[in-house]
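Understanding the architecture of this molecule
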Amino acid sequence: MSFITSDLLPIIIIVVFLLISSVSLVGHIFNLPGNFVILGLSVLLGWYDSFENINIKIVVILVALALLGELVEFLVGVIGAKKYNTSNKAIIVSIIFGIAGGILFAPLFLGFGALLGAFCGAYIGALLVELLNGKSFNNSLNSAWGVFLGKIGGTFSKIIIGVIMIIITMKSALDII
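Note that the structure is predicted; figures quoted are calculated from it, not measured. (Residues numbered from 1 in each chain as written. Predicted model: local features only at pLDDT ≥ 70, side-chain atom pairs only at ≥ 80, totals over all residues. Heavy atoms only, no water.)

Some points on the overall build of the protein
Helix and strand content of the protein: 6 helices and 0 strands. The order of α-helices and β-strands along the protein, N terminus first, is α-α-α-α-α-α. Taken over C-alpha atoms, the radius of gyration comes to 20 Å for the protein, far larger than the 16 Å a tight globule of 177 residues would show. Along the first, second and third principal axes, the C-alpha set of the protein runs to 70 × 35 × 15 Å. Relative to its 177 residues, the protein shows a buried fraction of 40%. Restricting the contact set of the protein to residue pairs at least 6 apart, pairs at least 24 apart contribute 72%. Separation between the mean location of the 8 positive side-chain charges and that of the 7 negative ones in the protein comes to 21 Å. (Helix = DSSP H or I, 4+ residues; strand = E, 2+ residues; numbered from the N terminus. Rg over C-alpha atoms; globule rule 2.2 N^0.38 Å. Buried < 20%, exposed > 50% of the residue type's maximum accessible area, 1.4 Å probe, protein only. Contact = heavy atoms within 4.5 Å. Lys, Arg positive; Asp, Glu negative; His and termini not counted. Charge placed at Lys NZ, Arg CZ, Asp CG, Glu CD.)

What follows is the structure, encoded as structure tokens:
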């Protein structure tokens, strides 16, 4: 005897989609590819429904949004950094240090160390490069602050795009129930 009836299964699948998608949005803070997880889940949901409601058109829109999220995150980060006169080299190093910091600090504070590591890594990477390039300490701090603000803005933009992806998927998926 099965506890899950065929009437209940679509509801369970959509609830699981929403739970994992919500966790994926939080994953953006830790430099994880949350929008691509949402995209993958949406494709699985479409597959479950034989792509009747979440059809190829919806999937293409979601792919475009996931790619747009990456581009917007990068551009907002660069714009934030450039507004504070951060050098290109410092921007590149801040990305590398941000990823490394997120990975190295991930085990701390039940995983929330990745948040601290990613943002502080980006900040420290930009600060060090600007100091090594001969900028004054105050100007280097200012450049690092621009990187930090750009990272926050880029991450927030990517989360908003992820929410839009979830809304599009749910609007289409509600016909499955």
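There's more to say after this.
Details of the side chain of Thr86
Structurally, the position occupied by Thr86 is in the loop between helix 3 (56-83) and helix 4 (88-105). A polar side-chain atom of Thr86 sits 2.9 Å from the main-chain carbonyl oxygen of Ser143. When residues no more than four places from it in sequence are discounted, the contact partners of Thr86 are Ala81, Ile91, Glu130, Lys135, Ser143 and Val147. (Polar contact = N/O pair within 3.5 Å; in protein donor to acceptor, adjacent residues only side chain to side chain.)

Observations regarding a nonpolar patch on the surface
Among the surface-exposed residues, Leu8, Leu9, Ile11, Ile12, Val15, Val16, Leu19, Ile20, Val37, Leu44, Trp47 and Tyr48 lie close enough to one another that they form a single nonpolar patch of about 1,000 Å² accessible area. A per-element tally of the nonpolar patch places helix 1 (residues 9-27) first, with 7 residues. In this fold, Trp47 is placed in helix 2 (residues 34-48). (Patch = residues over 30% accessible without salt bridge, like charges linked within 9 Å, V, L, I, M, F, W, Y side chains within 5 Å. Areas by Shrake-Rupley, 256 points an atom, 1.4 Å probe, with all protein chains shown as cover. Salt bridge = Lys/Arg side-chain N within 4 Å of Asp/Glu carboxyl O.)

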